[in-house]
Amino acid sequence: MAVASPPQSIEEQRRWEGSLDQLRGLVSERAITGETMLLNMGPHHPSTHGVLRLLLELDGEQIVSCLPDIGFLHTGIEKSIEDKSYEKALPLTDRMDYLSPMSNNMAYAAAVEKLLDLDVPERGQIIRVVCLELARCASHLVWLGTHAIDMGAMSVLLYAFRERERILGMFEMLSGQRMMSSYIRPGGVWRDVPDDFLPTIKQFLNDFPAKVDDYEALLTQNPIWKDRAQGVGVIEPDVALAYGLTGPALRGSGVNWDLRKAQPYSGYETYDFNVPLGEHGDVYDRYLIRIHEFRESMKILNQAVARLEQVKGPYRSENRKYCPPLRSELGQSMEAVIHHFKLWTYGYDAPDDEIYNAIESPRGEIGCYIHGTGGNKPRRVHFKTPSFIHISALPVMAKGYLLADMVAIIGSVDIVLGDCDR
Amino acid sequence: MGVSSKLGNLGVVTTTLEQAVNWGRTGAMWPLLFGLACCAIEYMSSQASSYDLSRFGMELNRATPRQADLLIVSGRLTRKMAPVVRQLYDQMAEPKWVISMGDCASCGGVYNNYAIVQGVDEIVPVDVYIAGCPPRPEQLLHGILTLHEKVKSERIADWA
């Protein structure tokens, strides 16, 4: 494929940066006259959590306005999916929100199932819940470490990544890959959990609550942490709803909206857990909610692991028109060979219909819209991702606070630029 | 260290300037604190407790390219980001090295489409390529050690 050469001359680079005139109407008139200062933050910045660029208008230290500039990680994933069959598009979804690939898999797989009207056996659903909650913990651990390091608490990252390695080890046990697992697939999961998985996760569930207490001991009552987090980046519940925030960013403002409770999927309605809510809608409340979500995830995981021991049976749909047969069947059944060949070459046809399905990712509502063609490839796939929505609310959260608070606010909404730009 | 002779117990070690400098350069190669996508998360894992890059004198990430020796391009490089990466590279002081971490940075990976630069070597010279999507921290460590081998074999005549 021919590739256009990147901008070579200084002139070409300037065009990318834009001119002051282009900003008229976006920043206040005071910035045009030079009364306030325009400060560029990113795309290379240690605490923008990726390649986000913010154009900040500052009056002294105070943020007057904030213009997010996204697209530095636009990968064309949605477009690429259009020329892949439904099953083969799955690995691309891993790489959107790369802190919780399992959630992306789930959003996509569940949407395909809805389009095909495909069943998922109970054991498959339980394994999915285990994966999703482990992914939530792994994602929140990265958030905790980076958020703390942004605010000057260096050591939390080392503790958080210590536990995250154990979760990644479990993902590797399940799928053979640490991060990009492609484990949750339309119809269920790729394979059954290996024998040594259950003892490992039980050991983890036994150890992890004490570790969460350790994180809290480092931060929750820490006066510096409270000074930097409390009363900063406040967003009112009605504003948060108007901007379409979801996940911990919305619940921090006290709005009780969690898709696991509101529109249960994968059997979440049968698990006993609470949805932690904040009161003030500030950085501190969003922090507390994610910390509590660790504990709620532990509750769900304990129940799910107990069920995993009870419930036996298939982990993937038995509908051979959509799900490939077991490897062991291939040597015995001609029909299995035919199904295997058909599914891994052509794939399967999906109806000419459009559906939307959303799940609760660690960041918020991640939705997948699929428009089928009747053939084996979709006409259009679109992901409604929480990071994109949350970045649009950054200007509201940042307005009026100090420049130093900006990194706290970015950290507290937990954005992933791969998720935003796709 | 290339000790060519040791004179009794006088406490004197002889080596060549080349070997001494190259050895020094491998001991504290400060990377730029820079991440693009998924690989950056594995890069963070390498920095954190379990893999501990500080064993190789690399715990100090510099946020400014002026103080960095090593650019680890970790992740997919988009057309919009390419000028930024080039500018960061230009701002780094010599001597400088580049590691292309992961399939996307090395060759575009699974994204052969309109948005992704098909390999970071189209805009900056690359010393070491690391395969994997994303590479495990062990692979990154191996890449860094490979770079150390390369640096140790550099010649004064080529420093210019």
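It should be noted that the structure appears before, not after, this text.
What counts and how
- Residue positions are counted from 1 within each chain, in the order its sequence is given.
- The lettering of chains begins at A and the numbering of ligands begins at 1, in the order of writing.
- Predicted model: local features are reported for residues with pLDDT of at least 70 only, side-chain atom pairs are reported and counted for 80 or more only, and whole-chain, interface and lining totals are derived from all residues.
- Per the convention used, a helix needs a DSSP run of H or I reaching at least four residues, while a strand needs a run of E reaching at least two, with both numbered from the N terminus.
- Here exposure depends only on C-beta density: within 10 Å of a residue's C-beta, 20 or more other C-beta atoms make it buried, 12 or fewer make it exposed, and intermediate numbers make it partly exposed, the C-beta atoms being placed from the backbone.
- By definition, residues are in contact whenever their C-beta atoms, placed on the basis of the backbone, come within 7 Å of each other.
- Strand pairing is defined by DSSP finding a minimum of two bridges between the two strands.
- The handedness rule is simple: strands pointing away from the viewer, and a clockwise path from the first strand over the helix to the second, make the crossover right-handed.
- A helix is expected to span 1.5 Å for every residue after the first.
- One nonpolar core equals one set of buried Ala, Val, Leu, Ile, Met, Phe, Trp, Tyr and Cys residues connected by C-beta atoms within 7 Å.
- Gly is put with the polar residues, along with every residue not named as nonpolar or charged; the nonpolar set is Ala, Val, Leu, Ile, Met, Phe, Trp, Tyr, Cys and Pro, and the charged set is Asp, Glu, Lys and Arg.

A. Summary view of the overall build of chain A. Across its full length, chain A holds 17 helices and eight strands. Structurally, chain A occupies a C-alpha span of about 80 × 55 × 35 Å along its principal axes. Taking all 422 residues of chain A together, 50% fall into the buried category. Summarising the internal contacts of chain A: among those between residues at least 6 apart in sequence, 69% fall at separations of at least 24.

B. Structural context of the pairing of strand S4 (residues 97-101) of chain B. Residue and element names in this part refer to chain B. Here S4 lies mainly inside the structure; five of its five residues are buried. A two-sided burial pattern is seen for S4, the buried positions comprising Trp97, Ile99 and Met101 on one face and Val98 and Ser100 on the other. Bridging between strand S3 (residues 70-74) and S4 involves five bridges; their strand directions are parallel. Bridging across to S4, Ile72 finds its partner in Ile99. For the crossover from S3 across helix H3 (residues 82-91) to S4, the handedness is right-handed. Relative to strand S5 (residues 128-130), S4 is paired through three bridges, and the arrangement is parallel. Across the sheet, the residue bridging to Ser100 is Tyr129, located in S5.

C. Looking closely at helix H14 (residues 334-345) of chain A. All names here are of chain A. Helix length check: H14 (12 residues) gives 17 Å between terminal C-alpha atoms against 16 Å at 1.5 Å per residue, within 8%. Counting buried positions along H14 yields zero of 12 residues, so the element is predominantly exposed. Downstream of H14 by a residue or two, Gly347 has a phi angle that is positive, lying close to 90°.

D. Focus on helix H2 (residues 38-47) of chain B. For H2 of chain B, the buried fraction is high: 10 of the 10 residues fall into the buried class. Buried residues along H2 of chain B sit in contact with helix H6 (122-150), helix H7 (155-175) and helix H17 (417-421) of chain A together with S3, S4 and helix H5 (137-152) of chain B.

E. Molecular detail of the nonpolar core. Ile409 of chain A together with Val73 and Leu77 of chain B are the most contacted members of the largest nonpolar core, which has 160 residues in total. With 16 residues, H6 of chain A is the single largest residue contributor to this core. Contacts of Val73 of chain B, omitting those with residues within four sequence positions, involve Leu36, Val85, Val98, Ser100, Met101, Ala105 and Val120 of chain B.

F. Broad picture of the interface of chain B and chain A. If you look at the interface, chain B gives 36 residues, while chain A gives 33 residues. Of all the secondary-structure elements, those providing two or more residues to the side of chain B that touches chain A are H2 and H3 of chain B. Ranked by residue count, the leading element in the side of chain B that touches chain A is H3 of chain B, at five residues. Taken together, the residues of the side of chain B that touches chain A break down into 22 nonpolar, eight polar and six charged.

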